[in-house]
Amino acid sequence: MQIFPTISDMRAASRAVLHAGKRLGLVPTMGALHEGHLSLIRAAKSQCDAVAASIFVNPLQFGPNEDLAKYPRDFDRDCELLKKEGVDFLFAPSVEEMYPAGAVTHVTVEGLSDKLCGKSRPGHFRGVTTVVSKLFHIVEPDVAFFGQKDAAQLAIIRRMVRDLNFPVEIEACPIIRESDGLAMSSRNAYLNAQERKAALALYRALKRVQELFDQGERNAATLADAGKRVFKEEKSARLDYLEIVDPDSLEALTEVKKTALAAVAGFVGTTRLIDNVVLSGEENAFR
Ligand code: PAF
């Protein structure tokens, strides 16, 4: 695996792949890799001739009181994992390389960026779309892989790609869960044993929503209220939101007609966690 800290070296390597007529996949990450990330790498390996991953803890997507400073970082371990998966290139720039002094240009997907996590994390999605645009310009992948766990991020990136005509396909990969249902996240590393148990409130709440949906309930408020009640049974967790929204526009729904996204965010101690399930006639993520 070749590791590139500079934009010019990364670009030279990816251009060589593209000029050879090969299909290049990109898996953008902030490191602290877990099985969820590795599932993205495996999807990329199965669909592409060459795979680039990036590790960059993007300061632009963290609010002033968020966990940028303590975000888990273990570059050597991440490199070992990526090497084992057969990743060809790792782009690992410094903050100065990505945001040189005087950088003032941002990418905002209006409207969508204020929904779900965007409400309680102002500026978060603007930070994500800005860095992902830069990664797309630097690496120029044919296809980029993102986890369904960040469903709002995925919808926002898809819209950005459509609106700005990025020549990249976006592939969504399923949520990877621990054996008890907790969605894998780099932030799970913050949880102590008691918080780890309490974190299951998110999964239990979504499971209740899924059950009611499977029984035929289509009223969004009824579905959301049932999920919130289950979440609130866990006294050590604090609900941020549980919403039933359109998976593309992220607009709140009153009734689920075709497909809906049931998305939840909550705090366990100081750790903010998210999870979601897609409600659709054809698919049950928990089965
Ligand atoms: O999902 C993430 O890990 C980050 O938001 C991303 C897409 C790598 C951008 O920093």
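Values in this document were obtained by computation on a predicted structure and should not be read as measured data.

## Quick look at the environment of Val27
Here Val27 lies in strand E2 (residues 24–29). On the accessibility criterion, Val27 (0% relative accessible area) is buried. For the pair Val27 and Ala44, spaced 17 residues apart in sequence, the C-alpha to C-alpha distance is 7.5 Å. When sequence neighbours within four positions are dropped, the list of residues in contact with Val27 reads Leu40, Ile41, Ala44, Ala52, Ala53, Ser54 and Phe145.

## What about the pairing of strand E9 (residues 271–280)?
Of all ten residues in E9, ten are buried; the element is thus mostly enclosed. With nine bridges joining them, strand E8 (residues 260–268) and E9 adopt antiparallel strand pairing. Bridge pairing in E9 places Ala265 opposite Ile274. In textbook terms, the turn of a hairpin is the stretch between consecutive antiparallel strands, and for E8 and E9 this stretch comprises two residues, one of which, Gly269, has a positive phi near 65°.

## Considerations on the packing of helix H1 (residues 7–19) against helix H6 (residues 124–139)
With their axes 8 Å apart at the nearest point, H1 and H6 run at an angle of 55° to one another. As the angle between them shows, H1 and H6 are arranged oblique. In contact with Ile7, Met10, Arg11, Ser14 and Leu18 of H1, H6 contributes His137, Ile138 and Val139. When grouped by side-chain class, the residues that make up the contact of H1 with H6 number five nonpolar, two polar and one charged.

## Let's talk about the sheet that holds strand E4 (residues 89–91)
Taken together, six strands build an open sheet; the order of strands is E1-E4-E3-E2-E5-E6 and the sheet is parallel. The sheet is open, and its two borders are formed by strand E1 (2–4) and strand E6 (169–173), each paired with just one other strand. Within the sheet, the average angular offset between the axes of one strand and its neighbour, ignoring direction, is 25°. The pairing of E2 with strand E5 (residues 143–147) spans two bridges and is parallel. The residue bridging Gly25 from the neighbouring strand is Val143, located in E5. Packed on one face of the sheet, helix H7 (residues 151–163) meets E5 and E6 and runs near 170° to E6.

## Here we look at the domain arrangement of the protein
Taken as a whole, the protein is organised into domain 1 (2–173) and domain 2 (186–279). If you average the C-alpha positions of domain 1 and of domain 2, the two centres end up 26 Å apart. Contacts between the two partners involve 24 residues from domain 1 and, on the opposite side, 19 residues from domain 2. Summed over both sides, the interface between domain 1 and domain 2 buries roughly 1800 Å², with carbon and sulfur atoms accounting for 52% of that surface. It is Lys115, Leu116 and Lys149 that lose the most area in domain 1 upon contact with domain 2, and together they represent 30% of the buried surface on that side. At the boundary of domain 1 and domain 2, one finds three salt bridges. Lys115 is the partner of Glu251 in a salt bridge, and the nearest nitrogen-oxygen pair spans 3.7 Å. Where the side of domain 1 that touches domain 2 is concerned, the elements lending two or more residues are helix H5 (117–120) and H7. Considering each element in turn, the side of domain 1 that touches domain 2 owes the most residues, five residues, to H7.

What counts as what
Residues numbered from 1 in each chain as written. Predicted model: local features only at pLDDT ≥ 70, side-chain atom pairs only at ≥ 80, totals over all residues. Heavy atoms only, no water. Helix = DSSP H or I, 4+ residues; strand = E, 2+ residues; numbered from the N terminus. Buried < 20%, exposed > 50% of the residue type's maximum accessible area, 1.4 Å probe, protein only. Contact = heavy atoms within 4.5 Å. Pairing = 2+ DSSP bridges. Axes fitted to C-alpha atoms, helices over the stretch in contact; angles between N-to-C directions. Parallel < 35°, antiparallel > 145°, perpendicular 65-115°, else oblique. Nonpolar A, V, L, I, M, F, W, Y, C, P; charged D, E, K, R; others polar. Domains from an automatic or database assignment. Buried area = accessible area lost by both parts, 1.4 Å probe. Salt bridge = Lys/Arg side-chain N within 4 Å of Asp/Glu carboxyl O.

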